[in-house]
Protein chains: 2
Amino acid sequence: MAESRSTNITWHAGHVTRADRERLLGQRGATVWLTGLSGSGKSTIAVAAERELVRRGRLAYVLDGDNVRHGLNKNLGFSPADRSENIRRIGEVAKLFTDAGVIAMTSFISPYRSDRDAVRALFAPGDFVEVHVAASVETCEGRDVKGLYQRARRGEIPEFTGISAPYEAPERPELTLDTNRQSVEESVAELVAYLEKNAYLGAR
Amino acid sequence: MAESRSTNITWHAGHVTRADRERLLGQRGATVWLTGLSGSGKSTIAVAAERELVRRGRLAYVLDGDNVRHGLNKNLGFSPADRSENIRRIGEVAKLFTDAGVIAMTSFISPYRSDRDAVRALFAPGDFVEVHVAASVETCEGRDVKGLYQRARRGEIPEFTGISAPYEAPERPELTLDTNRQSVEESVAELVAYLEKNAYLGAR
């Protein structure tokens, strides 16, 4: 390709940079990593925040079980190694989205601190926003929208986080949303306000 | 979260759709899958097309060895199974980008028809644009920018596509760019014209 280099230098100025795409989108790429128990409200908050961001003209994209478990990670099971690999791959994909200038939001229980910290280590400071969607087991079990806690209590789901497997809460998350007390609307507002305050949502 | 459902229906209208994001971006999400020999010009064309698209205000993102092999696929080697898994994961990630409304462009040799067809099968018709970056082994070996062909001829690189491993050209690619004859500029213009003609680049 060397012969082409001289004819049109603009086409050979290398990769479009992340900054180029962020300028185009009028926002800062980031990964908003929601972690919390089943039933804590992660997915509801992620989907609602995505909607609010897109309403504001920002490009957000939710990675969750629906689009990851049956696709990229369909060849993973639930062994400890596979659970770690599941989180690792999601982290790497979120990093690609962040590099593309997108605000990626992930909604996975991701119960282990070491897995989440390994993901955080992939990112430059500020690119990874860990959000603890904090609700007690009692709160989540009280909701039990999908009946999973009931089944877990009956022993039908082995290693169910919060019942028969540990949940390691983040020690220094960028944000904690206490969904024991506040509504989805309040949590979404708090999350979007955090992103706004920290300059992820630039003027367009 | 049931109690929240009634209070703000706009926040519970479900996921933002791909159409919502495409409207925001003023384009159609797609995966442009470049396949061809080492030295055929895949990466140069991908990077140059990305630049041209972003210049036009379109959001494009290149997935290539630089951002995938050392990240998402760093735990894969070069066995036949790992090579297939490499392509499978790239296909799944490109599908996520497509769903996000982005024009994803992938630049990998991807020599096996079965691997590429398995990726194509992940996509709805029109979402997957297979582009054969066609250059003969002689052309590529003549360029040999990285000296890889020389090393492969000396037997230093086992199973090198085109020398000691097969390249299965696409039978019905959406587009063929004959880089034996045409310049990078001409190839990029042809690719962008294809995307324009087929309504991937909407008015903004």
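Residues numbered from 1 in each chain as written. Chains lettered and ligands numbered in written order. Predicted model: local features only at pLDDT ≥ 70, side-chain atom pairs only at ≥ 80, totals over all residues.

1. Considering the packing of helix α5 (residues 80–99) of chain B against helix α6 (residues 113–120) of chain B
All names here are of chain B. Packing of α5 against α6 brings their axes to within 9 Å, and their N-to-C directions diverge by 25°. Judged by the inter-axis angle, α5 sits roughly parallel to α6. Like other packed secondary-structure pairs, α5 and α6 cross with a definite hand, here right-handed. Together, S84, I87, R88 and G91 of α5 and D115, A118 and V119 of α6 make up the contact between the two elements. Class assignment of the residues belonging to the contact of α5 with α6 gives a composition of 3 nonpolar, 2 polar and 2 charged. (Axes fitted to C-alpha atoms, helices over the stretch in contact; angles between N-to-C directions. Helix = DSSP H or I, 4+ residues; strand = E, 2+ residues; numbered from the N terminus. Parallel < 35°, antiparallel > 145°, perpendicular 65-115°, else oblique. Left-handed = near helix turned anticlockwise from the far one by under 90°. Contact = placed C-beta atoms within 7 Å. Nonpolar A, V, L, I, M, F, W, Y, C, P; charged D, E, K, R; others polar.)

2. Topic: the relation of the copies chain A and chain B
Expressed as a screw operation, the relation of chain A to chain B combines 0.0 Å of axial shift with a rotation of 180°, fitting to an RMSD of 0.0 Å. Expressed as an axis order, the relation between the two copies is that of a two-fold axis. Closest to the rotation axis within chain A is the C-alpha of V93 of chain A, separated from it by 3.5 Å. Of the interface residues in chain A, 95% have counterparts in chain B that sit at the interface too, so the contact is made through matching surfaces. (Least-squares fit on C-alpha atoms with pLDDT ≥ 70 in both.)

3. Remarks on the interface of chain A and chain B
Taken residue by residue, the interface counts 40 residues in chain A and 38 residues in chain B. Going through the elements one at a time, α2 (18–25), α3 (42–55), β2 (60–64), α5 (80–99) and α9 (184–197) of chain A are the ones with two or more residues in the side of chain A that touches chain B.

4. Some points on the sheet that holds strand β4 (residues 128–134) of chain B
Residues and elements named next belong to chain B. Read from one edge to the other, the open sheet built from 5 strands follows the order β2-β3-β1-β4-β5, with strand pairing classed as parallel. What marks the edges here is a single partner per strand, and that holds for β2 (60–64) and β5 (175–178). If you compare each strand with its neighbour and ignore which way they point, the axes differ by 20° on average. In this structure, strand β1 (residues 30–35) lies alongside β4, joined through 5 bridges in parallel fashion. Counterpart to L34 in the pairing with β4 is V131. Those strands touched by α5 are β1, β2 and β3 (103–107), and its axis lies near 160° from that of β3. (Pairing = 2+ DSSP bridges.)

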